[in-house]
Amino acid sequence: MVDTTTSSSPGIERSMSDCMLSCVVPAFNEHDNLAVLLPKLKVALQGLTDAWEVIVVDDGSSDNTSDLMGMLSREPGIRYLQLSRNFGKEAALTAGIEAAEGDAVVLMDADLQHPPALLKQMVQRWETGVDMIYAVRESREDERWGKRIGTKLFYSLLRSESGVQVPPHAGDFRLMDRAVVTALMQLPERDRFMKGLYAWVGFRSEAIPFMPESRLSGKSHFSAWRLWRLAMAGLMSFTTWPLRAVSVMGFVVSICSFLYGIYIVGEFILYDNPVDGWPTIVTILLFFSGINLLSLGVVGEYIARVFKEVKHRPVYLVRQSMGASARTERPEA
Ligand code: UDP
Ligand code: MG
């Protein structure tokens, strides 16, 4: 169920017409989509405030994105940040958030799946004092059943450990107040599972339902394998239950093998049955080797993440940056 409460925060009132709105668009080989999205976005933003910027974060595109953006970023309001290679969507979002200057920052995909028309509703909620307004898919009927089941399982595993409650079916499409952005920038981790980080920082958040459009051009960059890796990153950064599951498994297997040992000794003493040697030993040996390797793998995954964090490498590197935000001076009344 999508929570669409429409209360306001006592004491907090904001007006977008006096503030600056930033829109961060991560883009990886989205030339055709950007050419359609940016004019639409510009109109939507101009309708909301005089001070605005769109930051297109080029996540190592190999198409003509840089030529297009070189041209478009001459217009006030369109900024272009080119990363030195493909760092992944989470890093591109981080780069955009860090570059944004607005009092509120919107995150939006480049493929027109996130309708710019929703910005108005988000801004209205922000003006009443809500700090983060995130768009939640009304339904996942358009997705294949495999992905739907995987997503459901992922969210239930993620929520099984109390603490951070990541809302299911919410993506990166959201508007965040400057306070939320400042909080996000304080989180130092390099392996950034953004959906978890948004939930971790807290603040007054509200969902608004939406139905994503289909991708305008090209195809999704998130293959099943990439989604799996993202899910693992999320589970390993926000929960420790895989480690506990391994201990529980070790405990259960030890009890079972102990009971089986008693059974074998009992059979020998009571019924004088000789123990079947070879098959039993091989089966048990293989079973335990499997469990050992699995446990080592789980522990290894966590150690790999620690290793990645202690290297302290930057999350992304910028190759070039162009353009500036738009600030239309209003005539004196
Ligand atoms: N994206 C990115 N870096 C990547 C992969 C994707 O910046 O390595 C951007 C992509 O250009 C798009 C957004 O992230 O603007 C969402 O990607 P996509 O549409 O492929 O994902 P889906 O909508 O299928 O989840
Ligand atoms: Mg998409």
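Residues numbered from 1 in each chain as written. Chains lettered and ligands numbered in written order. Predicted model: local features only at pLDDT ≥ 70, side-chain atom pairs only at ≥ 80, totals over all residues.

**Quick look at the UniProt feature "transmembrane region" (unreviewed entry) in the protein chain**
Keep this limit in mind: UniProt positions are given in the numbering used here, feature names are shortened, and annotations may be inferred rather than shown by experiment. Secondary structure is summarised from DSSP: a helix means a run of H or I of at least four residues, a strand means a run of E of at least two, and numbering begins at the N terminus for each.
Sites flagged by UniProt as "transmembrane region" (unreviewed entry) map to residues 245-266 and 278-304. As a span, residues 245-266 carries 100% helix and 0% strand, and end to end its C-alpha atoms are 32 Å apart.

**Some remarks on the environment of Leu 112**
Condition: The contact rule is simple: place each C-beta atom from the backbone, and if two of them lie within 7 Å, those residues are in contact.
Note that Leu 112 resides in the loop between strand E4 (104-107) and helix H4 (119-127). Spatially, the C-alpha atoms of Leu 112 and Leu 38 are 9.9 Å apart, while their sequence positions differ by 74 residues. With near-sequence residues (within four places) excluded, Leu 112 lies in contact with Asn 33, Val 36, Leu 37, Glu 213 and Leu 216.

**Comments concerning the environment of Gly 47**
Quick reminder of the rule: With C-beta atoms placed from the backbone, a residue is labelled by how many other C-beta atoms lie within 10 Å of its own: buried for 20 or more, exposed for 12 or fewer, partly exposed between the two.
Looking at where Gly 47 falls in the secondary structure, it is placed in the loop between helix H1 (31-46) and strand E2 (51-58). We classify Gly 47 as exposed; it has 12 C-beta atoms within 10 Å. When the C-alpha atoms of Gly 47 and Lys 120 are compared, they prove to be 8.6 Å apart, with 73 residues separating the residues in sequence.

**So, helix H7 (residues 194-201)**
Burial in H7 covers these residues: Met 194, Lys 195, Leu 197, Tyr 198 and Ala 199. Among the structural elements, helix H3 (89-99), strand E5 (132-137), strand E6 (170-177), helix H6 (178-186) and helix H8 (224-238) are those in contact with the buried residues of H7. Within two residues after H7, Gly 202 carries a phi angle of roughly 80 degrees, on the positive side.

**Notes on H6**
Here is the rule we go by: This arc corresponds to the set of directions leading from the helix axis out to the C-beta atoms.
Listed as buried for H6 are Val 180, Val 181 and Leu 184. Along the axis of H6, the buried positions cluster into a sector of 100 degrees, meaning they face one direction only. Every exposed residue of H6 that faces more than 90 degrees away from the buried side is listed here: Thr 182, Met 185 and Gln 186. Where H6 is buried, its residues meet H3, E4, E5, E6 and H7.

**Describing the packing of H1 against helix H2 (residues 65-72)**
What counts is decided by this rule: Interaxial angle, 0 to 180 degrees, is taken between N-to-C directions of lines fitted to C-alpha atoms, where a helix line uses only the stretch in contact. Every angle not falling under 35 degrees, over 145, or within 65 to 115 is termed oblique; those three ranges are roughly parallel, roughly antiparallel and roughly perpendicular. Crossing chirality is assigned from the near helix's rotation relative to the far helix, an anticlockwise turn below a right angle marking it left-handed and a clockwise turn marking it right-handed. Only Asp, Glu, Lys and Arg are considered charged, only Ala, Val, Leu, Ile, Met, Phe, Trp, Tyr, Cys and Pro nonpolar, and every remaining residue, Gly among them, polar.
Orientation of H1 relative to H2, taken along the N-to-C sense of each, is 20 degrees, at an axis distance of 9 Å. Between H1 and H2, the angle falls in the class roughly parallel. By crossing handedness, the relation of H1 to H2 is classed as right-handed. Contacts between H1 and H2 involve His 31, Leu 34, Ala 35 and Leu 38 on the former and, on the latter, Thr 65, Leu 68 and Leu 72. Here the contact of H1 with H2 is composed, by residue class, of 5 nonpolar, 2 polar and no charged.

**A short note on the site of ligand 1**
What counts, and what does not: Using a C-beta atom placed from the backbone, a residue is scored as near a molecule or strand whenever that atom is within 6 Å of it.
Lining the immediate surroundings of ligand 1 are 17 residues, of which Pro 26, Phe 28, Ala 110, Ser 220 and His 221 lie closest. Looking at the shell around ligand 1, the elements that each hand over two or more residues are strand E1 (20-27) and H3. Residue composition of the shell around ligand 1, grouped by class: 6 nonpolar, 5 polar and 6 charged.

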